[in-house]
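Coordinate analysis (summary)
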Amino acid sequence: MATLTTATGYPYPATTETPDVQRDLKALVDYLEAQAGAGTSFTPMFTGTGAAIGNGTLTGKWWKTGKIVHAVMRMTVGSTTTMGTVSQQLAGLPFACAAGWKVGAQVRYTTAASVDWMGQGLIFPSGASVFFAVIGTNGAWTQVTSAVPFTWAAGATVDIYVAYPAA
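The present account deals with the structure reproduced in this document. All chains use their own residue numbering, which begins from 1 and follows the written sequence. Given that the model is predicted, a residue must reach a pLDDT of at least 70 before its local features are reported, and side-chain atom pairs must reach 80 or more before they are shown or counted; all residues, however, enter totals for whole chains, interfaces and linings. The side-chain figures draw on all heavy atoms in the structure; neither hydrogens nor water molecules are used.

Focus: the overall build of the protein
- Put simply, DSSP marks the helices as runs of H or I at least four residues long and the strands as runs of E at least two long, and each gets a number from the N terminus on. A count of helices and strands for the protein gives one helix and ten strands.
- Along the protein, from the amino end to the carboxyl end, the secondary structure elements read α-β-β-β-β-β-β-β-β-β-β.
- For every residue, the accessible area obtained with a 1.4 Å probe (protein chains only) is divided by the maximum for its type, and the residue is called buried under 20%, exposed over 50%, and partly exposed between those limits. Relative to its full complement of 167 residues, the protein shows a buried share of 34%.
- By definition, residues are in contact when any of their heavy atoms lie within 4.5 Å. Considering only contacts within the protein whose residues lie at least 6 apart along the sequence, 58% involve residues at least 24 apart.
- Total accessible area on the protein stands at roughly 8900 Å², and carbon and sulfur atoms take up 61% of it. The protein chains shown are the only cover counted for residues, whose accessible areas, like all others here, come from Shrake-Rupley with a 1.4 Å probe.

Take a look at the structure:
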């Protein structure tokens, strides 16, 4: 396959080459795997009523194929982190969600003692933040607080994975 690329960066054969579907698909898969390997780093922001990262840390990576964005974010709680009371979110996704889409996210909370809790997240249409919560009574969302889903301590984490259509 030639080293020509489209405006989006995907490889394609030169017009003078004989098409070879197997070769060309392998080149595309190789390209996509190479892109997925490293990802692009970004720093999310922790927001919400009374929420403050303090001396905690925030990291994120994203990958984009066409209009689909995959993002992972991690918040590690520090000794001066405040969990807040309402609308906790990791904001600053690299692309806004497409209008008309409300997308769910997978959230995992891990205590400082490495006990995992599952949660859920949500990106609203045209938004660039994942609101996160735990599942409460009858499947209803319950806000994360300093004592929900557990008493937070330095070293605890919030991990988020989301795939969404970019605006």
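Having seen it, we continue.
Describing the nonpolar core
- The set of buried Ala, Val, Leu, Ile, Met, Phe, Trp, Tyr and Cys residues whose side-chain atoms join them within 4.5 Å is what this entry labels a nonpolar core. The biggest cluster of nonpolar side chains holds 31 residues, and the ones touching the most others in it are Tyr 109, Phe 132, Trp 152 and Ile 160.
- Apart from the residues lying within four places of it in its own chain, the contact partners of Trp 152 are Val 77, Met 83, Tyr 109, Val 144, Thr 145, Ser 146, Thr 157 and Val 158.

Some thoughts on the packing of aromatic side chains
- Pairs were defined over the aromatic rings of Phe, Tyr and Trp, the Trp ring being its six-membered one, requiring ring centres within 6.5 Å. Orientation was assigned from the angle between planes: stacked under 30 degrees, edge-to-face over 60, tilted for the rest. Counted under the stated rule, the structure contains seven aromatic pairs.
- A centroid spacing of 5.0 Å and a plane angle of 85 degrees characterise the contact between Trp 62 and Phe 95, whose relative ring orientation is edge-to-face. Of this pair, Trp 62 sits in strand β3 (residues 57–65) while Phe 95 is found in the loop between β5 (82–91) and β6 (103–110), placing the two residues 33 residues apart along the sequence.
- A relative accessible area of 18% means that Trp 62 is categorised as buried.
- Phe 95 sits in the partly exposed class, given a relative accessible area of 25%.
- Consider the rings of Phe 124 and Phe 131, whose centres lie 5.4 Å apart with planes at 75 degrees: the pair is edge-to-face.
- On the accessibility criterion, Phe 131 (23% relative accessible area) is partly exposed.
- An aromatic cluster of at least three residues, connected via ring pairs, comprises Phe 46, Tyr 109, Trp 117, Phe 132, Phe 150 and Trp 152.
- A ring has a charge above it when a Lys NZ or an Arg CZ is no more than 6 Å from the ring centre and no more than 35 degrees off the ring normal. The ring of Phe 95 has Lys 64 lying over it, and the distance from NZ or CZ to the ring centre is 4.8 Å.

Things to note about the pattern of salt bridges
- Counted as salt bridges are all cases of a side-chain nitrogen of Lys or Arg within 4 Å of a carboxyl oxygen of Asp or Glu. Counted under the stated rule, the structure contains three salt bridges.
- In this structure, Arg 74 and Asp 159 form a salt bridge, with 2.5 Å as the shortest nitrogen-oxygen distance. Placement of the pair is Arg 74 in strand β4 (residues 68–76) and Asp 159 in strand β10 (residues 157–165), with a sequence separation of 85 residues.
- For Asp 159, a relative accessible area of 14% gives the class buried.
- Across the pair Arg 108 and Asp 116 runs a salt bridge whose closest N-O atoms are separated by 3.9 Å.
- When salt bridges that share partners are traced, they join Arg 74, Arg 108, Asp 116 and Asp 159 into one network.

Section: the pairing of β5
- Sheet topology places strand β2 (residues 45–52) next to β5; six bridges connect them, and they run antiparallel. The residue of β5 that forms the bridge with Ala 51 is Met 83.
- Looking at chain direction, β5 and strand β8 (residues 129–135) are connected through three bridges and run antiparallel. The partner of Leu 90 across the bridge, within β8, is Val 130. Pairing between two strands is assigned when DSSP locates at least 2 bridges connecting them.

As for unusual backbone geometry
- In this model, Val 148 is joined to Pro 149 through a cis peptide bond whose omega is 5 degrees.
- The residue Pro 149 is located in the loop between β9 (141–143) and β10 in this model.

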